[in-house]
Amino acid sequence: MDTPQHGGSGATVPRTRQHTTLARPHAAQPSAPAAVPQQQGPARIGPYEVFHLLGEGGMGRVYLARSPGSRLVALKVIRPEYAEAPNFRGRFRREADAARKVSGFFTPPVLDADADSPQPWLATAYIPAPSLHDVVRDFGVLPEPAVRALGTGLAEALVAIHAAGLVHRDLKPGNVLVAEDGPRVIDFGISRAVDATQVTRTGAVMGTPGFMAPEQIVSSREAGPAADVFSLGCVLVFAATGLGPFGAGNTAEILYRAVHAPPQLTDIPDALRSLLAACLDKDPAGRPSTAALLAALGSAEPSALLTPGLREDLARRQAHAAVLVTAPPIPVTPLVPGAPSGPSRRRFLWIAAAGGTAAAAAGAAALADWGSRPDRATGRGSGRGTAVRPGAKVPPGPKPQWSRPLRRLENGQLRLLGDTLVRWDERTAIGYDTATGQERWTAAPRQPSGATGKPTWLGVQGSMLYATAWGDRGYLLGLDGNGQLKFSHPVTEPTEGSSFPDTLHDVFCVAGSVALLGASGDQGYAVYALNLSTGKVLWSRKVTGSDFHASSDGHRCFLHDGSTVHGLDLRSGTVHWTVRDVVRPGDYPDLTTDGNALLVTSTKVQAFRATDGRRLWTAVDEPTVLNPATVLGNRAYVVDGQDTVFALGTGDGRQRWHTASPLSLDPRSASDPGPCVSSSLLAYPLFSGDTPGFIVLRTADGKVLWAHRGSGAETKNKSTAWRLQIAGTTLYAASDTTLYAFRSDPR
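Cut-offs applied
Residues numbered from 1 in each chain as written. Predicted model: local features only at pLDDT ≥ 70, side-chain atom pairs only at ≥ 80, totals over all residues. Heavy atoms only, no water. Pairing = 2+ DSSP bridges. Helix = DSSP H or I, 4+ residues; strand = E, 2+ residues; numbered from the N terminus. Axes fitted to C-alpha atoms, helices over the stretch in contact; angles between N-to-C directions. UniProt positions renumbered as here; feature names shortened; annotations may be inferred. Salt bridge = Lys/Arg side-chain N within 4 Å of Asp/Glu carboxyl O. Buried < 20%, exposed > 50% of the residue type's maximum accessible area, 1.4 Å probe, protein only. Polar contact = N/O pair within 3.5 Å; in protein donor to acceptor, adjacent residues only side chain to side chain. Disulfide = S-S within 2.5 Å. Phe/Tyr/Trp six-rings, centres within 6.5 Å; stacked < 30°, edge-to-face > 60°.

As recorded in an unreviewed UniProt entry, the protein goes by Serine/threonine protein kinase and comes from Streptomyces gilvosporeus.

Structure follows, in structure tokens:
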């Protein structure tokens, strides 16, 4: 499921964490070994009382929950787009039934499942332990006795899984927990149902680059038990060396090496090298069976895995689990009241749970307070600004000036670049004429001579469309509005202790001639400041994990790193100020600035003076994660998790207006942009499961002007993501199938 579902993270090699679509890998989610992550979650799923979110990935979300009998469970909730796929529920039911038959000691038992729930779910026993990925990251690589103990446990787990007629298909360090009495293999039991759905719908293959067998890469339908043995070999190489056997780099490179190149086993202990080489044979028939693997590894003591640091980590997790088991229950309150003023039907009630009785009390208070959106909206005003509460009827939008069919992209984004609309995903970038919607170009820049594979598109910032290429170095490419390559700059290169250059994965912002870039590699994560005119790296700075973001006002760089925010000189990287404990670890805040204040948006909007980091104000403090804020002039616009749009003064944080939307708004993530805003109009997508389309408000006072509802094919795909751009009074909107232009009078 590619989600940290127990005590650990779902990450593996830093730059390869994803379900494979042969696209750019995303940065790994951080873990918190000393404390369970403080995230939001629905109050109750089936009979289970939910404490908080453990993690999420391409297949869905995993929550820490408690059964009616006070047993802690990891509750996996499948994403709606899978549940709505033809035949998925039947496959899910069969896979869950088979998973219940898995009875090995090294696999947590599957306790319950519901294939008929609006979002199917599966419950397994909760194991308060870190993932192997986190163990290696935090406590170092494993010596030979520990690798043998790990391998024995994993092989026994695969014996039990295969005996039930299942194939894991995604065995990796993030799906191995290291408990006090040995490893546990998690996330088995529904992979085949989801994999069949992904292949049917997108041609994608489920798995993690660097830990997938060659036959799984070429054709997932041929992935049998031998593919799990291959993955087990990859996991043991990672445990012994800290790297997968096929190195690091972009996804295409790793997959190519897994199919065609020999594994890198130089640093493997001599006594294990030949065995792991056999596990990693390209031919499935050449790999040992799990029984033969057990015999070759010999007897091993699980205690060989335990270091003093890991023992302390396990003790903390177990103590926290004991608190949750005995915490008072959260009162059961209807999530969707019968009154018309209640929240939209797709809303779960989200609570900020810190664990223990305090979280339960906070959750109960939130339940009592969130019964009615209009009442809550009234309270939000607090005498400051204008409260706008439109009726349930929203006027239809004007007829589009033009519309054009679109080529299918995976999670395609949309931005204005001069008189060109650029739409892109990780593999393709296309330019459209803003006057007619006609396709003008498909980007095909000349690759740097040292690069391998095709470029990965990072998106539009300022006056350029950016891409990255990887090979002997990590390159940044810049294209203009005509799709023409303007520069290709080498940015990263291999450093001491690393065989590969860092991979560029984000252009956070461009201020003048300086671009702030996010990168990851063998040595962790970093931010780079690049002079786009000269191609010179002005400075780089390591960060503590994947939880980082950067912004700039043209003079300063603002860097969020974990829970800390720094103010740095943009061109030298000198730190001028630091503010600690700005956000909770794992909140992934968004940064933006009006030139005078830095705005940090997470579960609230916080403003800090740009010159010295002095805290100025806090606004819209809620238990739900807010969407990224958009700053225009001296106002910031932000959307919360309860369908309310706010306009805040950036100088004082006061509400200029807030509008409780009569239609359900799309729950976005920190990787998505905030509201689309011009001096006249504000637009935001609607929740596609209810009313696919978007809503338009007047920027001056928040008045709801109109809404556009999708039609035809746009309504069939409930995961349709509408992308919006505004230039003056012209609004451009892209569904998955069609590009539109609307002219809107803000009066």
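Continuing now.
What follows concerns the sheet that holds strand E24 (residues 537-543). An order of E21-E22-E23-E24 is seen for the four strands of this open sheet, with the pairing classed as antiparallel. Edge positions in the open sheet fall to strand E21 (503-511) and E24, since each of these has one partner strand only. Between one strand axis and the next, the sheet turns through 20° on average, direction left out of account. Two strands pair when backbone bridges link them, and strand E22 (residues 514-521) and strand E23 (residues 524-531) are joined in this way by eight bridges, in the antiparallel orientation. Of the residues in E23, the one forming a bridge with Ala-519 is Ala-526.

Annotation from UniProt places "binding site: ATP" (unreviewed entry) at Lys-76. Considering the arrangement of structural elements, one finds Lys-76 in strand E5 (residues 72-78).

Attention now moves to the pattern of salt bridges. Counted by the stated rule, this structure contains 20 salt bridges. For Asp-170, the salt bridge is made with Lys-172, and the minimal N-O distance between the two is 3.6 Å. Across the salt bridge formed by Glu-215 and Arg-287, the nearest N and O atoms sit 2.7 Å from each other. Residue Glu-215 is located in helix H6 (residues 214-218), and its partner Arg-287 is located in the loop between helix H9 (270-279) and helix H10 (290-297); the two are separated by 72 residues in the primary sequence. Overall, the relative accessible area of 8% leaves Glu-215 in the buried class. Each of the salt bridges in this network shares a partner with another, and the network as a whole consists of Asp-134, Arg-137 and Asp-138.

Among the six residues of strand E40 (residues 704-709), five are classified as buried, and the element is accordingly described as predominantly covered. Counted between consecutive antiparallel strands, the loop separating strand E39 (residues 693-698) from E40 contains five residues, among which Gly-702 sits at a positive phi close to 85°.

Turning to the sheet that holds strand E37 (residues 676-677), a few remarks are in order. Taking strand neighbours across the sheet as the criterion, the four strands line up as E37-E38-E39-E40 in an open arrangement whose pairing is antiparallel. The open sheet has two free edges, formed respectively by E37 and E40, since each of these has just one partner strand. Direction of pairing for E39 relative to E40: antiparallel, over a ladder of five bridges. Of the residues in E40, the one forming a bridge with Val-696 is Trp-706.

The subject of this paragraph is the side chain of Arg-723. Within the secondary structure layout, Arg-723 lies in strand E41 (residues 723-727). In this structure the side chain of Arg-723 is engaged in a polar contact, spanning 3.1 Å, whose partner is the backbone oxygen of Gly-412.

Turning our attention to the state of the cysteines. Here is the idea: a disulfide is a covalent bond, and it sits between the sulfur atoms of two cysteines. Here the structure, examined in full by the defined rule, presents zero disulfides. Free of any disulfide, Cys-279 has its nearest cysteine sulfur in Cys-234, 9.2 Å distant. With no disulfide of its own, Cys-557 lies closest to Cys-509 among cysteine sulfurs, the gap being 6.9 Å.

Moving on to the pairing of E23. In summary, the side chains of a regular strand alternate between the two faces of the sheet. Of all eight residues that make up E23, eight are buried, and the element is covered over most of its length. Connecting the antiparallel pair E22 and E23 is a turn made up of two residues. Here six bridges tie E23 to E24, and the two strands are oriented antiparallel to one another. Its bridge partner lying in E24, Leu-530 is registered against Val-537. In this structure, the hairpin formed by E23 and E24 is closed by a connection of five residues, where Gly-535 is found at a positive phi of approximately 80°.

In the Ramachandran plot, Ser-70 falls in the positive-phi region, its phi being about 65° despite a non-glycine side chain. Its place among the elements puts Ser-70 in the loop between strand E4 (60-66) and E5. With a phi angle near 75°, Arg-169 is a residue other than glycine that sits in the positive phi range. We classify Arg-169 as buried; its relative accessible area is 11%.

Turning to the packing of aromatic side chains, a few remarks are in order. Evaluated as defined, the whole model comprises 16 aromatic pairs. An angle of 40° between the planes, with centres 6.3 Å apart, marks the rings of Trp-402 and Tyr-732 as tilted. You can see Trp-402 sitting in strand E12 (residues 402-405) and its partner Tyr-732 sitting in strand E42 (residues 730-734), a full 330 residues away along the chain. Accessibility assignment for this pair places Trp-402 and Tyr-732 in one class, buried. Taking the centre distance of 5.8 Å and the plane angle of 35° together, the rings of Trp-470 and Phe-500 count as tilted. With a gap of 30 residues between them, Trp-470 in strand E18 (residues 464-471) and Phe-500 in the loop between strand E20 (485-492) and E21 connect regions that are remote in the sequence. For Phe-500, a relative accessible area of 15% gives the class buried. Put simply, the rings of Phe-694, Trp-706, Trp-722, Tyr-740 and Phe-742 touch in pairs and so form one group of aromatic residues.

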